[in-house]
Amino acid sequence: MLENPVYPPVLAPVGSSDNPRGAGNQQERLPGKPPQGGMIMALKVKQIPEHIGYYLAGFADGEGSFNVSFRRRRDHRMPWKISPCFNVSQRDRVILALFKRHLGCGTLRQRSDGVWYYEVNNFNAICENVIPFFERFRFLSAKKKRDFAKFRKIVRLMQEGKHLTEEGIREILKIRADMNDGGAGRRKYSDEEILRCFSQEESSETIRQALKGQDNAASPEE
């Protein structure tokens, strides 16, 4: 049952960028933490005081979000880059600074509307910091438990390289379908748009192969 999910061990992660989106946003780094793009240290979750851990988990239960976004790319054989992300937004900066300090990763920035925004989108940090934290300090609401279980399953598929195949993309989309109430109106690309790219890629490849065959047939024999 998703209400009491059993979490298998996390596999070795693959690194990626943790830079925040939006150049106009203010950013902060807590003292003693590596700069963005530096090494992400694995979280020693057992060292986090329980009263802090459960407080942050309870706060994330109501205000946090696990997301899996797709970004179009044309310089790679796989037309989509998949980015798992954990974020919390709040007008009170102090609470979000606690997330950054105790999770040991992520960015803390202030939006133009005055709301503070804490975000972790570095794949390495998601695997070694965010997931272990919420495995120990678990959610109470059934909805957040379900979203986290699905989020973690997608991350595991990515660790196995499944996101590099069309079949894997289809599986990830299926898992993501009802996360965050289906993400209605908030996702840039629909599942149909994402899958349509594969059909377009296949059509383009078919055309390229046909043209190549015509060129070979037209070449004079020596």
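Refer to the structure presented above.
Calculation rules
- Residues numbered from 1 in each chain as written.
- Predicted model: local features only at pLDDT ≥ 70, side-chain atom pairs only at ≥ 80, totals over all residues.
- Heavy atoms only, no water.
- Helix = DSSP H or I, 4+ residues; strand = E, 2+ residues; numbered from the N terminus.
- Expected span 1.5 Å × (residues − 1).
- Bend = angle between axes of the 7 residues up to and from the residue.
- Buried < 20%, exposed > 50% of the residue type's maximum accessible area, 1.4 Å probe, protein only.
- Contact = heavy atoms within 4.5 Å.
- Salt bridge = Lys/Arg side-chain N within 4 Å of Asp/Glu carboxyl O.
- Arc of directions from axis to C-beta.
- Core = buried A, V, L, I, M, F, W, Y, C linked by side-chain atoms within 4.5 Å.
- Phe/Tyr/Trp six-rings, centres within 6.5 Å; stacked < 30°, edge-to-face > 60°.
- Lys NZ or Arg CZ within 6 Å of the ring centre and 35° of its normal.
- Axes fitted to C-alpha atoms, helices over the stretch in contact; angles between N-to-C directions.
- Left-handed = near helix turned anticlockwise from the far one by under 90°.
- Pairing = 2+ DSSP bridges.

A. Looking closely at helix H3 (residues 123–136). Taking 1.5 Å as the rise per residue, H3 with 14 residues should run 20 Å; its terminal C-alpha atoms sit 19 Å apart, in good agreement. Maximum bend of H3: about 30°, positioned at Val130, with proline Pro132 one to four residues after it. Across the 14 residues that make up H3, a large majority, eleven, are buried. Restricting attention to buried positions, one finds in H3 the residues Phe123, Asn124, Ala125, Ile126, Cys127, Asn129, Val130, Ile131, Pro132, Phe133 and Phe134.

B. The environment of Val115, seen in detail. Tracing the sequence through the fold places Val115 in the loop between strand S4 (107–110) and strand S5 (116–120). A residue is classified by how much of its surface remains accessible, and Val115, at 11% relative accessible area, is buried. In this structure the C-alpha to C-alpha distance between Val115 and Ser89, which are 26 residues apart in sequence, comes to 6.7 Å. For Val115, the contacting residues outside a window of four places in its chain are Ser89, Gln90, Arg91, Arg109 and Gln110.

C. Expanded view of the pattern of salt bridges. The final tally for this structure, using the stated rule, is nine salt bridges. For Glu135, the salt bridge is made with Arg152, and the minimal N-O distance between the two is 2.6 Å. In this pair, Glu135 is assigned in helix H3 and Arg152 in helix H4 (residues 142–159), connecting sequence segments 17 residues apart.

D. Main features of helix H5 (residues 166–176). Inspection of H5 places Gly168, Ile169, Ile172, Leu173, Ile175 and Arg176 among the buried residues, and these make up the whole buried set. Down the axis of H5, the buried set is contained in an arc of 160°. They therefore lie on one face. Exposed and oriented more than 90 degrees from the buried face of H5 are Glu167 and Lys174.

E. Summary view of the nonpolar core. If you look at the biggest cluster of nonpolar residues, it comprises 51 residues, and the most contacted ones within it are Phe66, Phe86, Phe99, Tyr118, Val130 and Phe134. With eight residues, H3 is the largest single contributor of residues to this core. Once you skip the residues sitting within four places of it in the chain, Tyr118 turns out to touch Phe86, Asn87, Val88, Leu96, Phe99, Lys100, Leu103, Cys105, Gly106, Thr107 and Leu108.

F. Representation of the packing of aromatic side chains within the structure. Scanning the model with the defined rule gives 17 aromatic pairs in all. Centre to centre, the rings of Phe66 and Phe139 are 5.9 Å apart; their planes meet at 75°, and the pair counts as edge-to-face. Taken together, the residues Phe66 in strand S2 (residues 64–72) and Phe139 in the loop between H3 and H4 connect sequence positions 73 residues apart. Members of the aromatic cluster, each reached through a chain of ring pairs, are Tyr54, Phe59, Phe66, Phe86, Phe99, Tyr118, Phe133, Phe134, Phe137, Phe139, Phe148 and Phe151. Over the face of the ring belonging to Trp80 we find Arg72, whose NZ or CZ atom lies 5.5 Å from the ring centre. The lysine or arginine in question, Arg93, covers the ring of Trp116, its NZ or CZ lying 5.9 Å from the ring centre.

G. Region of the structure containing the packing of H3 against H4. H4 packs onto H3 with a crossing angle of 145° between their chain directions and a minimal axis gap of 11 Å. With respect to the hand of their crossing, H3 and H4 are arranged in left-handed fashion. On H4, the residues that touch Phe123, Ile126, Cys127, Ile131, Phe134 and Glu135 of H3 are Phe148, Phe151, Arg152, Val155, Met158 and Gln159.

H. Main features of the environment of Gly104. As for its position among the elements, Gly104 is in the loop between helix H2 (93–103) and S4. Gly104 gets classed as partly exposed once you look at its relative accessible area, which sits at 21%. Considered as a pair, Gly104 and Ala125 are 21 residues apart in the sequence and their alpha carbons are 8.5 Å apart.

I. Region of interest: the pairing of strand S3 (residues 80–90). Of all the eleven residues making up S3, eight are buried; the element is thus mostly covered by neighbouring parts of the structure. As judged from the nine bridges shared by S2 and S3, these two strands associate in the antiparallel manner. Residue Asn67 lies in a different strand from S3, and its bridge partner there is Cys85. Here S3 runs beside S5; their pairing, made up of five bridges, is antiparallel. Bridge pairing in S5 links Asn87 to Glu119.

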